[in-house]
Amino acid sequence: MVAEIGPSNIESAFLLEALKRGTRVDGRGIYDYRTLKISCGPTYGLAEVQLGQTRVLARVSCEVTRPFPDRPTEGIVLFNTELSSMAGFGLDSSRASTQEVAISRMVERVIKQSRAIDSEALCILAGEKVWTIRIDVHFLDHGGNLIDAASIAAIAALKHFRRPDVTIDGEEAIIHDVRERNPVPLSIHHTPICVTFGFFGASGDMLVLDPTLLEEQVQVSSFTITLNSHREICALNKAGGIPLSPDQIQRCTQVALAKVDEVNEKIQLALKASTA
Amino acid sequence: MASVKIVLPGDIIDTRREEDTTQQESNVEDEATVIRLGPGLVQSSEAVSAVTAGVLHSNSETNRWWVAGNKRRYVAAVGEPVVGVVVARHGEGYRVDIGSAHDALLPHLAFEGATKRNKPNLAVGTVVYGRVVVANSVMDPEIECYNSNTGKSEGYGELSEGFMFKCSLGLARRLIDTKAPVLAALGNGVPFEVAVGVNGRVWVNAGSVATTILVANAIRNSEYLDAKQCRQMVKELLEKQ
């Protein structure tokens, strides 16, 4: 089978040449996102994100289960990603490559450890019944920057999702069918969005926002910062690559702050326009 | 004009022609006409059925039928020009990735003027433009970078500068077959070289970095535009420069 190959000589040379002149090979500026399209629906909890050529689908579902014994009053959040050969050449869903595992862990960390979902609100009867929320992320097309697209899809799907309404009657919990009572949204504290930067050149002095697949293959370092609309940093991620200086990190943070506001607006518009 | 007929895999194709009796001689109606099946069609016992989704085309003079579909995964076929990337060097030749399920073999001597003493030395990652020589379902494909009949390179060989990008197979085919309007419109505006591989890869080289990016973006954007819209888009891109 064909293994994953790197970029050709002329592609990397041309990309670096173009970056030295301040342009990118698809004509974008270095701080420009690709066209971002978010669509939610037709069922609750389904969100598809297109970021240029990258396409990601996120689906949220729920189920009533027993809680973990050491956390009897908290609900459970399960996270799963699928990167199959539909997304690109050389990708295989049976072997998860290190890159795929890194992406999956990153998005999971962003959703779970930043406490975006209120898990106490998922409790139905302490010690007996809680909601298990399951988020499945499918990568449909790998055009670069899967982390950003996956985080936007996951959080949009979570905000779009509605779970069945529950009434507690003493020791009994009645879970209402969605046809009897309107389902209720999850309690989401804040909206974390990942913003990824790629660095090029021997000292990492050239940077781009939202790298494409070719830029990801040529970059010497990658840095992801996760922010929410309250201007709080939820996560920073830099795995390997050449070292970055503090003012490069500062510059990225400032750019990311502006971008996160734009993305949040788009998510709001998509939720309003949803067909569910 | 004839209506557009879209077929899906599994559809049985009716290749009898009721309309053009003027072109056929009436005294051969007892003989079966030979029908040539092109890409996307196979014969299963007596019937012809489609194996790809796309638009059904036919050529009445050569009696050839084919399905023009659009995908992004290439299947090698003999005689097609392809753009490949060298991934490994072996004793007998190079292994070249052409986007198909298996890498293609490019023999060391399949270049213009190559002899045992004088072989080209391509590094891993070099981009080459070649022609498919062997392609079937049981062997790895093979390509050559010259015309083996004349011994001349005829444009094939190593592509050393410029930029390469990927596009859909349908766009690549249109760029080669129909003298696409986007290339003509660009040619009126800026000088550039282009090598189109039917495997969905296009190599572009213009004078400067900015012009090369402009040409590459124009070609990529032209996929769903008709001739007039292509010319309009190219005009706007050239003005902005």
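Residues numbered from 1 in each chain as written. Chains lettered and ligands numbered in written order. Predicted model: local features only at pLDDT ≥ 70, side-chain atom pairs only at ≥ 80, totals over all residues. Heavy atoms only, no water.

Novice: Help me understand the sheet that holds strand β15 (residues 192-197) of chain B, please; the structure alone is not making it clear to me.
Specialist: In a beta sheet, neighbouring strands pair by backbone hydrogen bonds and run either parallel or antiparallel. Residues and elements named next belong to chain B. Sheet architecture is open: three strands sit in the order β14-β16-β15, paired in antiparallel fashion. Every interior strand has two partners, whereas the edge strands, β14 (163-166) and β15, have only one. Between one strand and the next, the sheet's axes are offset by a mean angle of 20°, whatever the strand orientation. Looking at chain direction, β15 and strand β16 (residues 201-206) are connected through six bridges and run antiparallel. Residue pairing for β16: Glu193 is matched across the bridge by Asn205. The sheet contacts of helix α3 (residues 209-221) involve β14, β15 and β16, and relative to β16 the element is tilted by about 145°. (Pairing = 2+ DSSP bridges. Helix = DSSP H or I, 4+ residues; strand = E, 2+ residues; numbered from the N terminus. Axes fitted to C-alpha atoms, helices over the stretch in contact; angles between N-to-C directions. Contact = heavy atoms within 4.5 Å.)

Novice: Help me understand the packing of aromatic side chains, please; the structure alone is not making it clear to me.
Specialist: Here the distance between the centres and the angle between the planes together describe a pair of aromatic rings. Inspection of every chain in the model, using the stated rule, returns two aromatic pairs over all chains. Measuring from centroid to centroid gives 4.8 Å for Phe14(A) and Phe163(B), while their planes differ by 25°, and the two rings are stacked. Residue Phe14(A) is found in helix α1 (residues 9-20), and its partner Phe163(B) is found in strand β14; the two belong to separate chains. Overall, Phe14(A) belongs to the buried group, its relative accessible area being 7%. Residue Phe163(B) is classed as buried on the basis of its relative accessible area, which comes to 3%. For the pair Tyr129(B) and Tyr156(B), a centre-to-centre distance of 5.3 Å together with 45° between the ring planes defines the contact as tilted. With Tyr129(B) in strand β11 (residues 127-134) and Tyr156(B) in the loop between β12 (142-144) and β13 (157-159), the pair connects residues that are 27 residues apart, well separated along the chain. Each member of the pair, Tyr129(B) as well as Tyr156(B), carries the same accessibility label: buried. Between Arg220(B) and the ring centre of Phe165(B), over which it is positioned, the NZ or CZ distance is 5.0 Å. (Phe/Tyr/Trp six-rings, centres within 6.5 Å; stacked < 30°, edge-to-face > 60°. Buried < 20%, exposed > 50% of the residue type's maximum accessible area, 1.4 Å probe, protein only. Lys NZ or Arg CZ within 6 Å of the ring centre and 35° of its normal.)

Novice: I would appreciate a short explanation of the layout of surface pockets in the present structure.
Specialist: Over the atoms, a rolled probe matching the size of one water molecule traces out where space is still vacant. All names here are of chain B. Size it by volume and the second largest pocket reaches roughly 940 Å³. Around the second largest pocket sit 27 residues that line it, and Pro39, Val67, Ala68, Gly69 and Arg173 are the ones nearest its centre. For the lining of the second largest pocket, the element with the most residues is helix α1 (residues 169-177), which contributes five residues. Of the residues belonging to the lining of the second largest pocket, the class tally is 12 nonpolar, eight polar and seven charged. (1 Å grid on protein atoms, 1.4 Å probe; cavity = no way out; pocket = protein on both sides within 12 Å on 5 of 7 lines; lining within 4 Å. Points joined across faces, edges and corners; volume = space filled by probe spheres on them. Nonpolar A, V, L, I, M, F, W, Y, C, P; charged D, E, K, R; others polar.)

Novice: Would you mind showing me how to read the sheet that holds strand β13 (residues 221-227) of chain A here?
Specialist: Residues and elements named next belong to chain A. Strand order in the open sheet formed by four strands is β12-β11-β13-β14, with antiparallel pairing between adjacent strands. Unpaired on one side and paired on the other, β12 (206-209) and β14 (233-237) mark the two borders of the sheet. The sheet shows a mean angle of 20° between the axes of neighbouring strands, taken without regard to direction. Where β13 meets β14, four bridges bridge the pair, whose relative direction is antiparallel. Residue pairing for β14: Thr226 is matched across the bridge by Ala235. Helix α3 (residues 146-160) rests against β11 (193-200) and β13 of the sheet, and its axis sits at about 175° to β11.

Novice: Can you help me understand the interface of chain B and chain A in this one?
Specialist: It is common to give the size of an interface as the accessible area that goes away when the parts come together. Of the residues lining the interface, 26 residues belong to chain B; the matching set on chain A comes to 22 residues. Around 1,800 Å² of area is buried between chain B and chain A when both sides are counted, 63% of it from carbon and sulfur atoms. Counting across the chain B and chain A interface gives one salt bridge. Taking the shortest distance from any N to any O, the salt bridge between Arg72(B) and Asp141(A) comes out at 3.3 Å. Looking at the side of chain B that touches chain A, the elements that each hand over two or more residues are β8 (81-89), β14 and α3 of chain B. The dominant element in the side of chain B that touches chain A, judged by the number of residues it contributes, is α3(B), at five residues. Class assignment for the residues of the side of chain B that touches chain A results in 11 nonpolar, nine polar and six charged. (Buried area = accessible area lost by both parts, 1.4 Å probe. Salt bridge = Lys/Arg side-chain N within 4 Å of Asp/Glu carboxyl O.)

Novice: When you look at the confidence of the model for chain A in this model, what are you seeing that I'm missing?
Specialist: Summarising the model, chain A shows a mean pLDDT of 89, and 97% of its residues fall at 70 or more. Ranking the elements of chain A by mean pLDDT puts helix α2 (residues 98-112) of chain A last, at 86, and strand β2 (residues 46-51) of chain A first, at 95. (pLDDT = per-residue confidence, 0-100.)

Novice: Would you take a moment to explain the environment of Thr98(A) for this structure?
Specialist: In this fold, Thr98(A) is placed in helix α2. A sequence separation of 114 residues divides Thr98(A) from Thr212(A), and the C-alpha atoms of the two residues are 19 Å apart.

Novice: Looking at this structure, how should I read unusual backbone geometry?
Specialist: Leave glycine aside and you will find that most residues have negative phi; peptide bonds, for their part, are mostly trans. The amide bond that connects Gly41(A) to the next residue, Pro42(A), takes the cis arrangement and shows omega of 5°. In this structure, Pro42(A) sits in the loop between β1 (36-40) and β2. Located in the positive-phi region is Arg231(A), a residue other than glycine, with phi close to 60°. Relative to the elements of secondary structure, Arg231(A) occurs in the loop between β13 and β14. Positioned with a positive phi, Ser45(B) is a non-glycine residue whose angle comes to about 50°. Residue placement: Ser45(B) occurs in the loop between β4 (41-44) and β5 (47-50).

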